[in-house]
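Observations on chain architecture
Each chain is listed here by its residues.
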Amino acid sequence: MPGRDREPRSYYVGVDVGTGSVRAALVDQRGILLAFADQPINQWEPQFNHHEQSSEDIWAACCVVTKQVVQGIDVNQIRGLGFDATCSLVVLDKQFRPLPVNHEGDPHRNIIMWLDHRAVSQVHRINETKHSVLQCVGGVMSVEMQAPKLLWLKENMRETCWDKAGHFFDLPDFLSWKATGVSARSLCSLVCKWTYSAEKGWDDSFWKMIGLEDFVADNYSKIGNQVLPPGASLGHGLTPEAAKDLGLPAGIAVAASLIDAHAGGLGVIGADVRGYGLACEGQPVTSRLAVICGTSSCHMGISKDPIFVPGVWGPYFSAMVPGFWLNEGGQSVTGKLIDHMVQGHAAFPELQAKATARCQSIYAYLNSHLDLIKKARPVGFLTVDLHVWPDFHGNRSPLADLTLKGMVTGLKLSQDLDDLAILYLATVQAIAFGTRLIIEAMEAAGHSISTLFLCGGLSKNPLFVQMHADITGMPVVLSQEVESVLVGAAILGACASGDFASVQEAMARMSKVGKVVLPRLEDKRYYDKKYQVFLKLVEHQKEYAAIMKGD
Ligand SMILES: Nc1ncnc2c1ncn2[C@@H]1O[C@H](COP(=O)(O)OP(=O)(O)O)[C@@H](O)[C@H]1O
Ligand SMILES: O=C(CO)[C@H](O)[C@H](O)COP(=O)(O)O
């Protein structure tokens, strides 16, 4: 279109803090990524099930990647900035300095990560209260939420942490505070991880009942008594100090944030699907399930009315798409489990050497190796006698049982590359069966889902995507921009800038279909049989536990 290039362009910066790395992108009004940068972040595991990070490290990484993506452009064209991050707990003292969350007293490590399971005893006691707030987390609170972690700090680190703490932030809210000096919390974090209700606010009786009456007494000032919808513009925008750190102009709009999975949901769920022949075309957006697959997988389904799904978090009002209720199913380790299985196998050094020699990622190599050994049958049939139960870090949904463990049946004496490749395949399939179980629970409670929208690091793996299509029997939509979580973060920045009237409008303009992967329906019988075995595995695991508990 003549003259179009001369129009001043508007850019947004999205920053996404995942478990393993920080990513930033420069995104335009059509949702196109013009620049991308990433940087790994430190994690500490001082003891089993304790996982910690550093808010200073993470902020420094945000600054590095943001500076990289805006290099060479006129920064005055940047209209807004949005953050998303994992729902980890950041602890600061009364002067906003990091406080240690560990007995070693290392103040650098002031974050209890989302996957930290130190607060098992606390979460059991919280669940025993049967308080009504638990109805909005699937009936059972997860050890990965904030209330049990806060109680752990009070009971285990009273003098060194609890008494000195001035501010407890969800990581996405910490980032928006750091950028603007505004400590208002996002409705997303508070509703999904802190038991806040969009309609009723905090429930004093819950905090008193679990022994954290301290928050009630000081009017929730340490955990948030000002709450804003995701995408709302914060204060006066980017402070001069943060602007210098990030390499952006002071005063640009900064949005109230989202948890990473929720940003992924915004990045994919609103795309225009016309012309792809999908069952969700012409149907309400509630027929779509966004699945954000990174270290963990999160299954985000929305509805017009609240739906209570046992073992699935929510219903949360307006926590992702404004005006809709959200249910969030999840698997605590998916990418992390695949990495664990592959890296722990005896043939891993051989795999690494061969992949490096071919300049391929280990996963691209494994996928081509499976193609080589599958012979005449479809690749998925290589696991006819090898089955995996994937809950190596407990089950988040729909069983909501953190005592569950991983299982593998069908092991042989071989340790070669074929063996590694087939174990990897069985693990990928087990994760997809876990998704099927979550979808069945959501549908039994009233959701009606026809199409999956995948994003996150694992959606770059074609085998992972195809197995999700084959095992759920649903088409999988992949976005035009692989880094859809960053598009979601940029949508927040775009909303805060005022360039779009609503999150829905920004979603419709900025998220786009890239590719559709259809299920191989001819393999359905085989996967139905494997699913039967999958369900038997957990049944048997429970039987074993009962036998061992008996006299
Ligand atoms: N190109 C790829 N092929 C296969 N797996 C990938 C690829 N890229 C990332 N992954 C996997 O995705 C997971 C990390 O996803 P990511 O979205 O980066 O996680 P997080 O947001 O938790 O940091 C890892 O398990 C990694 O192995
Ligand atoms: O609990 C979650 C969202 O509600 C996520 O699992 C958690 O934030 C980690 O995300 P990721 O796997 O992308 O690192």
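Naming follows an unreviewed UniProt entry, where the protein chain appears as FGGY carbohydrate kinase domain-containing protein of Odobenus rosmarus divergens. The record held by UniProt for the protein chain lists under Sequence similarities (unreviewed entry) the comment "Belongs to the FGGY kinase family."

Further remarks concern unusual backbone geometry. For the bond from G314 to P315, the omega torsion is 5°, close enough to zero to count as cis. Secondary-structure assignment places P315 in strand β15 (residues 313–317). A cis amide bond links S397 to the next residue, P398, at an omega of -5°. In this structure, P398 sits in the loop between β17 (387–389) and β18 (407–409). If you check the backbone angles, N49 has positive phi at about 75° while not being a glycine. Its relative accessible area of 17% is what places N49 among the buried residues. Backbone geometry places N219, a non-glycine residue, at a positive phi of 55°.

The final tally for this structure, using the stated rule, is 23 salt bridges. A salt bridge links R520 to E522; the shortest N-O distance between them is 3.7 Å. Judged by its relative accessible area of 33%, R520 is partly exposed. For E522, a relative accessible area of 59% translates into the label exposed. The partner of R520 in a salt bridge is D523, and the shortest N-O contact between them spans 2.7 Å. In this structure D523 comes out as buried when scored by relative accessible area, which is 4%.

A few words now on the UniProt feature "domain: Carbohydrate kinase FGGY C-terminal" (unreviewed entry) in the protein chain. Mapped onto the present numbering, the UniProt feature "domain: Carbohydrate kinase FGGY C-terminal" (unreviewed entry) falls on residues 289–496. In residues 289–496, the share of helix is 40% and the share of strand is 19%. The end C-alpha atoms are 26 Å apart.

The next thing to look at is the site of ligand 1. In the region of ligand 1, 15 residues are neighbours, and G20, R23, T295, D339 and G457 sit closest. G20 places a main-chain nitrogen or oxygen 3.0 Å from an oxygen atom of ligand 1. The contact in question runs from an oxygen atom of ligand 1 to an N or O atom on the side chain of T295, over 2.5 Å. For ligand 1, the accessible surface in isolation is 570 Å², of which the surrounding protein chains cover 74%. Across the shell around ligand 1, the residue classes tally to 2 nonpolar, 10 polar and 3 charged.

Rules used in this analysis
Residues numbered from 1 in each chain as written. Chains lettered and ligands numbered in written order. Predicted model: local features only at pLDDT ≥ 70, side-chain atom pairs only at ≥ 80, totals over all residues. Heavy atoms only, no water. UniProt positions renumbered as here; feature names shortened; annotations may be inferred. Helix = DSSP H or I, 4+ residues; strand = E, 2+ residues; numbered from the N terminus. Buried < 20%, exposed > 50% of the residue type's maximum accessible area, 1.4 Å probe, protein only. Salt bridge = Lys/Arg side-chain N within 4 Å of Asp/Glu carboxyl O. Near = heavy atom within 4 Å. Polar contact = N/O pair within 3.5 Å; in protein donor to acceptor, adjacent residues only side chain to side chain. Areas by Shrake-Rupley, 256 points an atom, 1.4 Å probe, with all protein chains shown as cover. Nonpolar A, V, L, I, M, F, W, Y, C, P; charged D, E, K, R; others polar.

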